[in-house]
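Each chain, written out:
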Amino acid sequence: MREIVFDTETTGLDPKTGDRMVEIGCVEMVNLVPTGNTFHAYYNPERDMPAGAEAVHGLSAAFLSDKPFFRDTFQELLDFIGDSPLIAHNAGFDFGFLNAELALCRCEPVCMTRMVDTVQLAKKRHPGAKLSLDALCSRYGIDRSHRVKHGALLDAELLAQVYVELKGGRQIGLELAAEQAKAQPAAELIAVRKAPEGPRRDPRPHAPTPEELARHREFMAGIENPLWG
């Protein structure tokens, strides 16, 4: 099963008030294993960068000024994500910005049925616990020491590890192996030994001789306090 874990960075909290997406990072997973295929892009938001947002992700208006506009390169992103389920942390936020950008390009939105929200998964698994990405990384022992500021691709890579843990962690590999074994035809699981070529020999007799039976009875009679007595 192919899934895409993704994260976005933006100029603010609400695309309805003019905030824009400035970065997206995507990590491809197949059967909950990262394939190494990623997508990462920065976008010129065509507006200023509020100081509060820059403090979170470190992306300045000057840095983004020479980056492409979303409308000019969005097809590359759509080709990468395809029709796969999309996993994000507080996914409604990221879907909101992604679909707002697509709307500006007069494109069909990404269907919300494809959304998988790791916040909701974590809430069910750890009710009452802290649900931030940092908190979940700490819970599962995922190294985030290199996360000085938010970054879309880095956060997507961390979230991919968290997602695997939320889905069952290391046991998943065992479960997948078991499912593959079930799906594999029995003929492929059983090594069939071919009969040797050449003349067949009559089976050798294996019945005990009268002398062997007599010795066995003598031996058994000499055992004291047998367990079967």
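The rules behind these values
Residues numbered from 1 in each chain as written. Predicted model: local features only at pLDDT ≥ 70, side-chain atom pairs only at ≥ 80, totals over all residues. Heavy atoms only, no water. Helix = DSSP H or I, 4+ residues; strand = E, 2+ residues; numbered from the N terminus. Buried < 20%, exposed > 50% of the residue type's maximum accessible area, 1.4 Å probe, protein only. Contact = heavy atoms within 4.5 Å. Areas by Shrake-Rupley, 256 points an atom, 1.4 Å probe, with all protein chains shown as cover. Disulfide = S-S within 2.5 Å. Salt bridge = Lys/Arg side-chain N within 4 Å of Asp/Glu carboxyl O. Pairing = 2+ DSSP bridges.

*Asks:* Hey, could you run me through the overall build of the protein in this one?
*Replies:* For the protein, the count of helices and strands is ten helices and five strands. Sorting the 229 residues of the protein into buried and exposed places 36% on the buried side. In the protein, 64% of the contacts between residues at least 6 apart in sequence involve partners at least 24 apart. Roughly 14,800 Å² of accessible area belongs to the protein as shown, and the carbon and sulfur atoms make up 55% of that amount.

*Asks:* I would appreciate a short explanation of the state of the cysteines in the present structure.
*Replies:* Every disulfide links exactly two cysteines, by a covalent bond between their sulfur atoms. This model, assessed by the stated rule, comprises zero disulfides. Residue Cys105 stays outside any disulfide, its sulfur separated by 5.3 Å from that of Cys107, the closest cysteine.

*Asks:* Any chance you could explain the environment of His57 here in plain terms?
*Replies:* When you line up the elements, His57 lands in helix α1 (residues 51-57). Taking C-alpha positions, His57 is 9.5 Å from Thr11, a pair spaced 46 residues apart along the chain. When sequence neighbours within four positions are dropped, the list of residues in contact with His57 reads Glu9, Thr10, Val22, Met49, Lys149 and His150.

*Asks:* Would you explain the pattern of salt bridges in this entry?
*Replies:* Here the idea is simple: oppositely charged side chains can pair when their charged atoms come close. One pass over the full model with this rule turns up eight salt bridges. Arg2 serves as the salt-bridge partner of Glu28, at 2.6 Å between the closest nitrogen and oxygen. Separated by 26 residues along the polypeptide, Glu28 in strand β2 (residues 21-30) and Arg2 in strand β1 (residues 2-10) bring together distant segments of the chain. Under the relative-accessibility criterion, Glu28 is labelled buried at 10%. Here Arg20 ties to Glu46 by a salt bridge, and the two come within 3.7 Å at their closest N and O atoms. Placement of Arg20 in the loop between β1 and β2 and of Glu46 in the loop between β3 (33-42) and α1 is noted, with a sequence separation of 26 residues between them. Classification of Glu46 by relative accessible area gives partly exposed; the value is 41%.

*Asks:* In this structure, what is going on with the pairing of β3? I would like to understand it.
*Replies:* Residues in a regular strand point their side chains to alternate faces of the sheet. Sheet topology note: the β2/β3 ladder contains seven bridges and is antiparallel. Across the sheet, Met29 pairs through a bridge with Pro34, a residue of β3.

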